[in-house]
Amino acid sequence: MDTPTGTLSRYKMFIGGEWVESASDQHFESDNPFTGKPWALVPRGNAQDADRAVRAAHRAYTSGDWPKLTASRRGALLRKLADLIGEKAKHLAEIEVRDNGKLIAEMSAQTAYMAQWYYYYGGLADKIEGRVIPADKPDTFNYTRYEPLGVVAAIIPWNSPLLLTAWKLAPALAAGNTVVLKPSEYTPASALEFMKLVEQAGLPPGVVNVVTGFGPEVGMPLVEHPLVAKVAFTGSDRTGTLIYQTAAKGLKRVTMELGGKSPNIVFDDAHLENAVKGVISGIFAATGQTCIAGSRLLVQKTIHDEFVEKLVAFAKTARMGDPMSLDTQVGPVTNPPQFKKILDYIDIAKGEGARAVLGGARAARPECGSGWFVEPTIFTGVKNSMRIAQEEVFGPVLAVIPFEDEEQAVAIGNDVVYGLAAGVWTQNMRRALMMADRLQAGTVWINTYRAVSYLSPFGGYKRSGIGRESGQEMIKDYMQVKSVWISTATEVPNPFVLR
Ligand code: ADP
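Owing to the predicted nature of the structure, the values given are computational and were not obtained by experimental measurement.

### Regarding the packing of helix α12 (residues 406-414) against helix α13 (residues 429-438)
Any two packed helices are characterised by how steeply their axes cross, that is the angle between the axes, and by the distance between the axes.
Part 1: The geometry of α12 relative to α13 is characterised by a closest axis approach of 11 Å and an angle of 30° between their N-to-C directions. Relative to α13, the element α12 is oriented roughly parallel. Every pair of crossing elements has a handedness; the one defined by α12 and α13 is right-handed. Residues E406, E407, A409, V410 and N414 of α12 pack against R430, R431, M434, M435 and R438 of α13.
Part 2: Its residues placed into classes, the contact of α12 with α13 shows four nonpolar, one polar and five charged.

Put into structure tokens, the structure is as follows:
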């Protein structure tokens, strides 16, 4: 899989339980965002590879060992996979750091935690029960059963490749589906490394497959493929819209986890030191490259200047540099187009009249080497109608917007097309609960930020998505219900009327 050629590691795709090259016989380079240089060569998949992978997944769904397994047995395989993730967490974390630029300080914990999705859905696999319906017709017995959908195409973005894979793969497999995974072209390596564990866990060939390459070349053919029953997507709302339209033509199911422009709302009765940390965590953790970034700070006018001062003082201390170093707090941007996009948005904000009270440029610190680093940036004087307040930047850029009172905080908070998450900082219980009710967001955090769990549903209102991930209910998004009728009558009644 990763035999070094010169200095580059070389990967193959994983289809039908085998390590294969692309039908294109071409490769693309995956870069290390800290050095700005390529470190791996990855097959450039195309429509033929997508077809090969979907057919392998479909074969595994309809024949062989997988469909014969009991739900309990499937669950046991997922728990075995979870054990292996625990053993290899450090290695997986290092791959993510190299391919993505995420911090080792965050990833070591995240790859280990990721195992929980496989334990949880492994445990849930044999607890999805149908019902016996109290039939309203004499001499009939009616029951329901939950069945898998078939082949699921899981399309993953670059910002948290393995975690977002777990959110889809664990419930899809627990439900009995088979999966074709397409990681982002910017971060393809970790999914391929992860397949070694899938192999080791003993999942039958074809149950999980990985194709690598570019969205339009190998992602879209998956979405279009007639044997794909469901598309589970995380990424930009632009690509999500395109995938949704295409999936609609095949009447496929979708779940979509898209962008955000989440408000982090600080009232003057908040514990200010905690709120400062919460706002920092919301926008500078993961270099702001998260869909849940709290990229709009709504701060009550009475504390605006004091709060911004504290925030800038804290943010100034953030250590940038090598993401492999445990001390680093802000790492590089993952890829050059994203780097350019962030810098463009900084210019847009300046052009709109916002004031950069911190940062506002590429980071040229010696510890940043030749990586793609942007200075943690804070803009004040932002109006919610500005592009910097409306559009997702996906970087370490915070827009500070003052508000007068609760009504205005709700109005500004909701005045974006997105609705993924929101943070509220207050010590007033009535205010906290009222805000939680009125904010249009799939997740509301009170006096905390960036808390997610395998136990709790996650997803977006409005343009932030369709459906939810994690938690019990959503496994049914990977299933369909069948109603079975049995007659216990000794005679068939009048055949010309509805029974
Ligand atoms: P980002 O801006 O985060 O790169 P995208 O939404 O473009 O987000 O990408 C998320 C995932 O969607 C990636 O795996 C990417 O390759 C894939 N993708 C991009 N364009 C398409 C497309 N037209 N069809 C299918 N998948 C796509």
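Past the structure itself, the notes keep going.
### A word on the site of the ligand
Part 1: Near the ligand, the surroundings consist of 19 residues, among which I156, K182, E185, S236 and T239 are the closest.
Part 2: One nitrogen or oxygen atom from the side chain of K182 is found 2.9 Å from an oxygen atom belonging to the ligand.
Part 3: In isolation the ligand exposes 550 Å². Once the protein is present, 85% of that is buried.
Part 4: If you list the elements that add at least two residues to the shell around the ligand, you get α6 (215-224), β11 (228-234) and α7 (237-249).
Part 5: Counting residues per element, the shell around the ligand draws most heavily on α6, at four residues.
Part 6: Class assignment of the residues belonging to the shell around the ligand gives a composition of 10 nonpolar, seven polar and two charged.

### Notes on the packing of aromatic side chains
Part 1: Using the criterion set out here, one finds 16 aromatic pairs in the structure.
Part 2: Seen in terms of ring centroids, W117 and Y454 are 5.8 Å apart; in terms of plane orientation they differ by 75°. Their pairing is edge-to-face. Taken together, the positions of W117 in helix α3 (residues 104-124) and Y454 in the loop between β20 (443-446) and β21 (458-459) put the pair 337 residues apart, joining distant regions of the chain.
Part 3: The class of Y454 is buried, set by a relative accessible area of 17%.
Part 4: Residues Y120 and Y454 carry aromatic rings whose centres are separated by 5.4 Å and whose planes lie at 55° to one another, so their mutual orientation is tilted. Taken together, the positions of Y120 in helix α3 and Y454 in the loop between β20 and β21 put the pair 334 residues apart, joining distant regions of the chain. The same class applies to Y120 as to Y454, namely buried.
Part 5: Members of the aromatic cluster, each reached through a chain of ring pairs, are Y113, W117, Y120, Y121, W167, Y454 and F458.

### What to know about the nonpolar core
Part 1: The biggest cluster of nonpolar side chains holds 97 residues, and the ones touching the most others in it are Y118, F194, V266 and F307.
Part 2: For this core, the element with the most residues is helix α4 (residues 161-174), which contributes 10 residues.
Part 3: Among the domains, domain 1 (3-258 + 464-483) and domain 2 (263-446) are the pair contributing at least three residues each to this core.
Part 4: Contacts of F194, omitting those with residues within four sequence positions, involve L81, I85, L92, M114, Y118, L162 and L169.

### Considerations on the pattern of salt bridges
Part 1: Taken as a whole and assessed by the stated rule, the structure comprises 22 salt bridges.
Part 2: Across the pair K301 and E404 runs a salt bridge whose closest N-O atoms are separated by 2.9 Å. Here the residue K301 occupies a position in the loop between β14 (296-300) and α9 (304-316), and E404 occupies one in the loop between β17 (397-403) and α12, the gap between them amounting to 103 residues.
Part 3: Residue class for K301 comes out partly exposed when judged on its relative accessible area of 44%.
Part 4: By relative accessible area, which is 47% here, E404 ends up partly exposed.
Part 5: The residue R431 makes a salt bridge to E406 at a minimum N-O spacing of 2.8 Å. With a gap of 25 residues between them, R431 in helix α13 and E406 in helix α12 connect regions that are remote in the sequence.

### Quick notes on the side chain of Q338
Part 1: Structurally, Q338 can be placed in helix α10 (residues 336-351).
Part 2: With near-sequence residues (within four places) excluded, Q338 lies in contact with W158, Q289, V333, V393 and F394.

### So, the domain arrangement of the protein chain
Part 1: Assigned domains within the protein chain: domain 1 (3-258 + 464-483) and domain 2 (263-446).
Part 2: Taking only C-alpha atoms, the centre of domain 1 and the centre of domain 2 are 31 Å apart.
Part 3: Contacts between the two partners involve 25 residues from domain 1, matched on the other side by 31 residues from domain 2.
Part 4: Summed over both partners, the interface of domain 1 with domain 2 buries about 2,200 Å², with 63% contributed by carbon and sulfur atoms.

### Structural notes on the sheet that holds strand β15 (residues 355-358)
Part 1: Spatial strand order, β15-β16-β17-β14-β13-β19-β20: seven strands in an open sheet with mixed pairing. The sheet is open, and its two edges are formed by β15 and β20, each paired on a single side. Within the sheet, the average angular offset between the axes of one strand and its neighbour, ignoring direction, is 25°.
Part 2: Pairing between strand β13 (residues 263-266) and β14: four bridges, direction parallel. For N264, the partnering residue across the bridge sits in β14 and is L297.
Part 3: Docked against the sheet, α13 engages β13, β14, β19 (421-425) and β20, running at close to 165° with respect to β20.

### Examining the sheet that holds strand β25 (residues 479-487)
Part 1: Read from one edge to the other, the open sheet built from three strands follows the order β6-β7-β25, with strand pairing classed as antiparallel. Two strands bound the open sheet, and with one partner strand each, they are β6 (132-133) and β25.
Part 2: In the sheet, strand β7 (residues 140-148) pairs with β25 via nine bridges, with the strands oriented antiparallel. In the sheet register, F141 faces β25, and the bridge partner there is I486.

Procedures and definitions
Residues numbered from 1 in each chain as written. Predicted model: local features only at pLDDT ≥ 70, side-chain atom pairs only at ≥ 80, totals over all residues. Heavy atoms only, no water. Axes fitted to C-alpha atoms, helices over the stretch in contact; angles between N-to-C directions. Helix = DSSP H or I, 4+ residues; strand = E, 2+ residues; numbered from the N terminus. Parallel < 35°, antiparallel > 145°, perpendicular 65-115°, else oblique. Left-handed = near helix turned anticlockwise from the far one by under 90°. Contact = heavy atoms within 4.5 Å. Nonpolar A, V, L, I, M, F, W, Y, C, P; charged D, E, K, R; others polar. Near = heavy atom within 4 Å. Polar contact = N/O pair within 3.5 Å; in protein donor to acceptor, adjacent residues only side chain to side chain. Areas by Shrake-Rupley, 256 points an atom, 1.4 Å probe, with all protein chains shown as cover. Phe/Tyr/Trp six-rings, centres within 6.5 Å; stacked < 30°, edge-to-face > 60°. Buried < 20%, exposed > 50% of the residue type's maximum accessible area, 1.4 Å probe, protein only. Core = buried A, V, L, I, M, F, W, Y, C linked by side-chain atoms within 4.5 Å. Domains from an automatic or database assignment. Salt bridge = Lys/Arg side-chain N within 4 Å of Asp/Glu carboxyl O. Buried area = accessible area lost by both parts, 1.4 Å probe. Pairing = 2+ DSSP bridges.

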